[in-house]
Amino acid sequence: MIHVRQLVKEYRGAVSTAALRGVDLDVEAGTFAAVVGPSGCGKSTLLYVLGGMLGATSGTVRVGGFDVTAAGERARTAFRRTEIGFVFQKFNLLGALDVEDNLRLAARIAGRADGAAERIDALLERVGLTGKRRARPAELSQGEQQRVAIARALVKEPRILLADEPTGNLDTASSRAIMGLFREVAGGPGPTILMITHNPECAAVADVVIPMEDGRTGAPYPNAAARPSAERGRR
Ligand code: ADP
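Keep in mind it's a predicted model, so treat the numbers as computed, not measured.

(A) Broad picture of the overall build of the chain. When its secondary structure is counted, the chain shows seven helices and 11 strands. Computed over its C-alpha atoms, the radius of gyration of the chain comes to 17 Å, within 12% of the 18 Å expected for a compact globule of 235 residues. For the chain, the spread of C-alpha atoms along the three principal axes comes to 45 × 40 × 40 Å. Put simply, the chain has 235 residues, and 50% of those count as buried. In the chain, the proportion of contacts linking residues at least 24 apart, taken out of those at least 6 apart, comes to 69%. Summed over its atoms, the accessible surface of the chain is roughly 10,700 Å², and 51% of this surface lies on carbon and sulfur atoms. Between the averaged position of the 31 positive side-chain charges in the chain and that of its 26 negative side-chain charges there is a distance of 3 Å.

Structure (C-alpha cells):
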C-alpha cells in the first residue's frame, strides 16, 4: 500500500535541515503500523510527505498506486482530500460546529457527501458518541474530542489513516480507548494506519513498529502481541 524509496526531505531556510535522509519503507495494505523514534528524527516530516501535505526533495513515495512525489500540486491536493485521513495531537475540530456537522463538512470537502448520513450514524456509534452528536467540541472531554476527530478522518473512507501523536494530549484511560478504536479499525475493511507515538503502550497495540532515527527508518518489526491484520485475510 505504501512504498517509499530513498526519500529525502530538506527544509531550506537560513539553516538547511535534512529531515529525511533516504527513507526506504513498505507498509502492506491493512497494516496498523507505529512509527517510533526520538524527537526531531523526522517522523512528522515522513507522515506529511506520505500524506501529500509536504513536497519531497528527492526519492519516491507511492501510496495505493498513486505516485505522490511525481504528482503536481493539484493532483496531490486531490489525493490528500480523498485518500488520506489525518488525526493530530490537537484535535483540530471546528468549534463553531457540533459533532455531526464536523463530520458532515469533512465528508463534503472530500467529495463524499453521498451516503454520509448513514456513515456518520455508524461512525458515531462506533466511537461511542451517538448521544453527543449535537454537542460542540468545547462540551466534550479531550478523549471524546479525539474520538470525534477519528470519526471525522474515517467519514471519507480513506485508504490511509495518518495519526501524529494521537494520544499525546490524553490521559491513560482515554489513550487506551483510542488505541482500542484504532485496533478495531485495523481489524475491519478500513484504512492502513500509520501512527507516530512516543508512548510504548500505544506502539505495542500496532501490528508492526517502524523505528526511526536521524532521518532514516530501520527494519519494521512485528509486535509479538498483535497479529498483522493483513494476515487476517483482508484486502
Ligand atoms: P519528529 O516528528 O520526529 O519530532 P520532525 O519531522 O518534526 O521530527 O523534524 C525533523 C527535523 O526537521 C528536525 O530537525 C526539525 O527541527 C526539522 N523541521 C521540522 N519542520 C521544519 C520546518 N517547517 N522548517 C525547518 N525545519 C523543520
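(B) Representation of helix 3 (residues 99-109) within the structure. When helix 3 is considered as a whole, its buried residues turn out to be Val99, Glu100, Asn102, Leu103, Ala106 and Ala107. An end-on view of helix 3 places all buried positions within 165° of arc, on one side of the element. Within helix 3, the exposed residues directed more than 90 degrees away from the buried face are Arg108 and Ile109. The backbone nitrogen of glutamate 100 lies 3.2 Å from a side-chain oxygen of the residue at the head of helix 3, namely aspartate 98. With its phi angle positive at about 75°, glycine 111 sits one or two positions after the end of helix 3.

(C) Here's a closer look at the confidence of the model for the chain. Here the chain averages 92 in pLDDT, and 95% of its residues register 70 or above. Ranking the elements of the chain by mean pLDDT puts strand 11 (residues 221-222) last, at 90, and strand 1 (residues 2-11) first, at 97.

(D) Representation of the site of the ligand in the model. Neighbouring the ligand are Tyr11, Thr17, Ala19, Pro38, Ser39, Gly40, Cys41, Gly42, Lys43, Ser44 and Thr45. Within the backbone of glycine 40, one N or O atom sits 2.7 Å away from an oxygen atom of the ligand. One of the backbone N or O atoms of glycine 42 is found 3.1 Å from an oxygen atom in the ligand. In isolation the ligand has 570 Å² of accessible area, and contact with the protein removes 58% of it. Listing elements by their share of the shell around the ligand, those giving two or more residues are strand 2 (17-27) and helix 1 (43-50).

(E) View of the sheet that holds strand 1. What the four strands build is an open sheet, ordered 2-1-4-5; its pairing is antiparallel. Whereas interior strands pair on both sides, the edge strands pair on one side only; in this sheet they are strand 2 and strand 5 (66-67). Here two bridges tie strand 4 (residues 58-63) to strand 5, and the two strands are oriented antiparallel to one another. Opposite arginine 62, over in strand 5, you have aspartate 67 as the bridge partner.

(F) The arrangement of unusual backbone geometry in detail. In this structure, asparagine 92 takes a positive phi of about 60° despite not being glycine. Residue position: asparagine 92 is located in the loop between strand 6 (84-87) and helix 3. Residue classification places asparagine 92 among the partly exposed residues on the basis of a relative accessible area of 45%. Positive phi is not limited to glycine here, since glutamate 157 has a value of about 50°.

(G) View of the side chain of asparagine 223. By the secondary structure assignment, asparagine 223 is in the segment after strand 11. A distance of 3.4 Å separates the side chain of asparagine 223 from the backbone oxygen of alanine 204, its partner in a polar contact. With near-sequence residues (within four places) excluded, asparagine 223 lies in contact with Ala203, Ala204, Val205, Ala206, Asp207, Val208 and Val209.

(H) Molecular detail of the packing of aromatic side chains. Under the criterion given, the structure shown has four aromatic pairs. A centroid spacing of 4.6 Å and a plane angle of 15° characterise the contact between phenylalanine 66 and phenylalanine 79, whose relative ring orientation is stacked. Highlighted residues: phenylalanine 66 in strand 5 and phenylalanine 79 in helix 2 (residues 73-83), separated in sequence by 13 residues. Measuring from centroid to centroid gives 5.7 Å for phenylalanine 86 and phenylalanine 88, while their planes differ by 15°, and the two rings are stacked. For phenylalanine 86, a relative accessible area of 12% translates into the label buried. What links up through ring pairs into an aromatic cluster is the set Tyr48, Phe86 and Phe88. If you follow lysine 9 out to its NZ or CZ, it ends over the ring of tyrosine 11, 5.6 Å from the centre.

What counts as what
- Residues numbered from 1 in each chain as written.
- Predicted model: local features only at pLDDT ≥ 70, side-chain atom pairs only at ≥ 80, totals over all residues.
- Heavy atoms only, no water.
- Helix = DSSP H or I, 4+ residues; strand = E, 2+ residues; numbered from the N terminus.
- Rg over C-alpha atoms; globule rule 2.2 N^0.38 Å.
- Buried < 20%, exposed > 50% of the residue type's maximum accessible area, 1.4 Å probe, protein only.
- Contact = heavy atoms within 4.5 Å.
- Areas by Shrake-Rupley, 256 points an atom, 1.4 Å probe, with all protein chains shown as cover.
- Lys, Arg positive; Asp, Glu negative; His and termini not counted.
- Charge placed at Lys NZ, Arg CZ, Asp CG, Glu CD.
- Arc of directions from axis to C-beta.
- Polar contact = N/O pair within 3.5 Å; in protein donor to acceptor, adjacent residues only side chain to side chain.
- pLDDT = per-residue confidence, 0-100.
- Near = heavy atom within 4 Å.
- Pairing = 2+ DSSP bridges.
- Phe/Tyr/Trp six-rings, centres within 6.5 Å; stacked < 30°, edge-to-face > 60°.
- Lys NZ or Arg CZ within 6 Å of the ring centre and 35° of its normal.

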